[in-house]
Amino acid sequence: MTPTATLAPQVVQQIVTRAGRPDFDRWAEQVTRCGHCAHPVRLRGRVEHGTASGARVAYSTDCEPDRVLLIRCGNRRAAVCPSCSYEYAGDMWQLLYAGAAGGRKGVPESIRSHPLVFATLTAPGFGPVHTTRADRSGPARCRPVHGAQRLCPHGRPTWCTAIHAEDDPRLGQPICPDCYDYSGHVAFNWHAPELWRRFTITLRRALAKTAGLTAAEFTRRCRVSFVKVAEFQRRGVVHFHALVRLDGPGEDYQPPQISIDAAELAEAIRQAAAHVRLTVEMPNGPDLVLRFGTQLDTQTVNGGPTGELTAEHAARYIAKYATKSAEDFGLGERRITPETLALLNVPSHVERLVRTAWQLGEHDAYEGLRRWVHMLGFRGHFASKSRRYSTTLGAIRGERRAYRQRQAAEHARELIDEDTTLVVSHWEFAGVGYLTSGDTALALSAAARAREQRQAAREAA
Ligand SMILES: [Zn+2]
Ligand SMILES: [Zn+2]
Ligand SMILES: [Zn+2]
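The paragraphs below set out a description of the structure included in this document.

How each quantity is defined
- Residues numbered from 1 in each chain as written.
- Chains lettered and ligands numbered in written order.
- Predicted model: local features only at pLDDT ≥ 70, side-chain atom pairs only at ≥ 80, totals over all residues.
- Heavy atoms only, no water.
- Helix = DSSP H or I, 4+ residues; strand = E, 2+ residues; numbered from the N terminus.
- Buried < 20%, exposed > 50% of the residue type's maximum accessible area, 1.4 Å probe, protein only.
- Contact = heavy atoms within 4.5 Å.
- Areas by Shrake-Rupley, 256 points an atom, 1.4 Å probe, with all protein chains shown as cover.
- Axes fitted to C-alpha atoms, helices over the stretch in contact; angles between N-to-C directions.
- Parallel < 35°, antiparallel > 145°, perpendicular 65-115°, else oblique.
- Nonpolar A, V, L, I, M, F, W, Y, C, P; charged D, E, K, R; others polar.
- Disulfide = S-S within 2.5 Å.
- Phe/Tyr/Trp six-rings, centres within 6.5 Å; stacked < 30°, edge-to-face > 60°.
- Pairing = 2+ DSSP bridges.
- Donors = N, O, S within 2.8 Å, 3.2 Å for Na, K, Ca; no water.
- Tetrahedral: all angles 85-135°; square planar, octahedral: opposite > 155°, others 65-115°.
- Left-handed = near helix turned anticlockwise from the far one by under 90°.
- Core = buried A, V, L, I, M, F, W, Y, C linked by side-chain atoms within 4.5 Å.

A closer look at the overall build of the protein
Logical step 1: Helices and strands together make up the secondary structure of the protein, namely 11 helices and 13 strands.
Logical step 2: The 461 residues of the protein split such that 44% are buried.
Logical step 3: By sequence separation, contacts in the protein at least 24 residues apart represent 71% of the contacts at least 6 residues apart.
Logical step 4: When the accessible area of the protein is evaluated, it comes to approximately 24,200 Å², of which 52% is carbon and sulfur surface.

A few points about the packing of helix α4 (residues 182-211) against helix α9 (residues 348-360)
Logical step 1: As a packed pair, α4 and α9 sit with axes 9 Å apart at the nearest point and diverge in direction by 75°. In terms of axis orientation, α4 runs roughly perpendicular to α9. Of the residues in α9, those touching α4 at Tyr182, Ser183, His185, Val186 and Ala187 are His349, Arg352, Leu353, Thr356, Ala357 and Leu360.
Logical step 2: Residues that form the contact of α4 with α9 fall into these classes: 6 nonpolar, 4 polar and 1 charged.

Here we look at the state of the cysteines
Logical step 1: If you walk through the whole model with that rule in mind, you get 0 disulfides.
Logical step 2: Here cysteine 34 is not disulfide-linked; the sulfur of cysteine 37 is the nearest cysteine sulfur, at 5.4 Å.

Topic: the packing of aromatic side chains
What characterises a pair of aromatic rings is the spacing of the ring centres plus the angle enclosed by the ring planes.
Logical step 1: Inspection of every chain in the model, using the stated rule, returns 13 aromatic pairs.
Logical step 2: Between phenylalanine 188 and phenylalanine 292 the ring centres are 6.4 Å apart and the planes differ by 75°, which places this aromatic pair in the edge-to-face class. Here phenylalanine 188 is found in helix α4, whereas its partner phenylalanine 292 is found in the loop between β10 (288-290) and β11 (296-300), with 104 residues between them in sequence. Taken individually, phenylalanine 188 and phenylalanine 292 each receive the classification buried, so the pair is uniform in this respect.

Some words on the pairing of strand β8 (residues 238-247)
Logical step 1: Counting buried residues in β8 gives 10 out of 10 residues, a clear majority hidden from the surface.
Logical step 2: Alternating positions in β8 separate into two faces, Val238, Phe240, Ala242, Val244 and Leu246 on one and His239, His241, Leu243, Arg245 and Asp247 on the other, with burial throughout.
Logical step 3: Bridge count for strand β4 (residues 116-121) against β8 is 6 bridges, and the pairing is antiparallel. In the sheet register, phenylalanine 118 faces β8, and the bridge partner there is leucine 243.

Points about the coordination of the zinc ion (ligand 2)
Logical step 1: Looking at the zinc ion (ligand 2), one finds its protein donor set to be His130 (ND1), Cys142 (SG), Cys160 (SG) and His164 (NE2), positioned 2.0 to 2.4 Å from the metal centre.
Logical step 2: Around the zinc ion (ligand 2), the 4 donor atoms are arranged such that angles at the metal cover 104 to 115°; this shape is classified as tetrahedral.
Logical step 3: Of note, the zinc ion (ligand 2) draws all its donor residues from one chain, in the sequence arrangement H-x11-C-x17-C-x3-H.

Section: the packing of α4 against helix α6 (residues 262-275)
Each packed pair of helices is defined by two parameters, the angle between the axes and the distance between the axes.
Logical step 1: Contact pair α4 / α6: the axes reach a minimum separation of 9 Å and the direction vectors enclose 130°. By the angle class used here, α4 and α6 are oblique. Crossing angle aside, the handedness with which α4 passes α6 is right-handed. Where α4 approaches α6, its residues Phe199, Thr202, Leu203, Ala206, Leu207 and Thr210 are matched on the opposing element by Glu264, Leu265, Ala268, Ile269, Gln271, Ala272 and Ala273.

What to know about the coordination of the zinc ion (ligand 3)
Logical step 1: Distances from the zinc ion (ligand 3) to its protein donors, Cys152 (SG), His154 (ND1), Cys176 (SG) and Cys179 (SG), fall at 2.1 to 2.3 Å.
Logical step 2: Coordination geometry of the zinc ion (ligand 3): the 4 donor atoms subtend angles of 102 to 115° at the metal centre, consistent with an arrangement described as tetrahedral.
Logical step 3: The sequence pattern describing where the donors of the zinc ion (ligand 3) fall on their chain is C-x1-H-x21-C-x2-C.
Logical step 4: Its relative accessible area of 6% is what places cysteine 176 among the buried residues.

Points about unusual backbone geometry
Logical step 1: The backbone phi angle of aspartate 66 is positive, close to 60°, even though this residue is not glycine.
Logical step 2: Here aspartate 66 lies in the loop between β2 (54-60) and β3 (69-71).
Logical step 3: In this structure, tyrosine 253 takes a positive phi of about 60° despite not being glycine.
Logical step 4: Position of tyrosine 253 relative to the elements: it lies in the loop between β8 and α6.

Re the nonpolar core
Logical step 1: Core analysis: the largest hydrophobic core is formed by 63 residues, its most contacted members being Phe188, Phe199, Leu203 and Leu207.
Logical step 2: Counting only elements with at least two residues in this core, the list comes to β4, α4, β7 (223-232), β8, α6, β9 (278-280) and α9.
Logical step 3: Ranked by residues supplied to this core, first place goes to α4 with 13 residues.
Logical step 4: If we ignore the near neighbours within four places in the chain, the residues touching phenylalanine 188 are Thr122, Ala123, Pro124, Phe126, Leu195, Val237, Val238, Leu290, Arg291 and Phe292.

The structure is reproduced here in structure tokens:
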């Protein structure tokens, strides 16, 4: 929360003016109702009711503070809107949890008996970067010297004896930027969605082999359902967290008609991730063979050995990543050119990634890449799922919207005559964000208080 003492005098004046207005309580109620959104959409309009004697205005924003109604921005990114991102993560969690635990959102409880694995597929190395490590005695040195101290071809040390703190800006930065394979790094981000697609094909083949079936017979008996989230690692490369589940072939979440358990599914995922390859063209050199990194993690979910993940934990883990994106690197969500890059003041590693992406984008094989340099070349969806994993985010948001509309309608009914027959709504866009910096400060401090209360309630539970 921003202490009032650090606010500019005119902002303090705006807060005082707002708080002194007779409709302040109604304004505060609106801010609460839009979930303390950081950039609410302002709407102006009215609801008319047809009666026997003609239309009559039942509700109008003319009676609201500043003559507007505030509606959530709905942005997924925590850096843009903490409140809406919190809500998005909640929706995402519902979707993930429904597919892992069942018993909700149209997914039967029997889904818990299906093989389910939580997997993390990382990117390979493109050169040593500063990192945090731990050994048995606690935090360990970044890159200790092994044998004789050796300088790289650029005369820089190949080691780092620091123990980096979690907020050390060097984390994720190359030990030697000139040794680092920037082209390979950007090519990986650019082709990662295709590498993932190849992985799902390879996985189906590996599972068919485990079950002793032909590919066609496997497809008749089993479907691989998944939901995945892309996360940027500190070094600026994407990796994937996924829940992978085996179902029967129909539309109704029947169990797979093959005898493969969660441990065998995990093994098939490890094999497929280790073997999948994608050969891509590079403009200034030989073709590049892309693969996933050797750091590969699989954990079975529901049933099976002790110490495994629960459906709740797996869902929470993935939902958390759904609200992060490349803007954590200071790039924002807009397109970037080399000219605008200079104004962003980003770390040199990020700058080199952006420049490399821009240069690669010049070549035919990387057509379209220039539109994605703000994502360090990653053009995939941050969260995606196969069709039958569970419900959709749209359905969950629709339910919530319907619930809010019902609430609003109930509220309105108390104010409206009984003999109304027809409702007509007229809305127009009046702008985005709060009217003054004072309003924003008030809304954000209320949002922080609400989050603290939610957190306290969660910890007490
Ligand atoms: Zn918002
Ligand atoms: Zn280091
Ligand atoms: Zn070097």
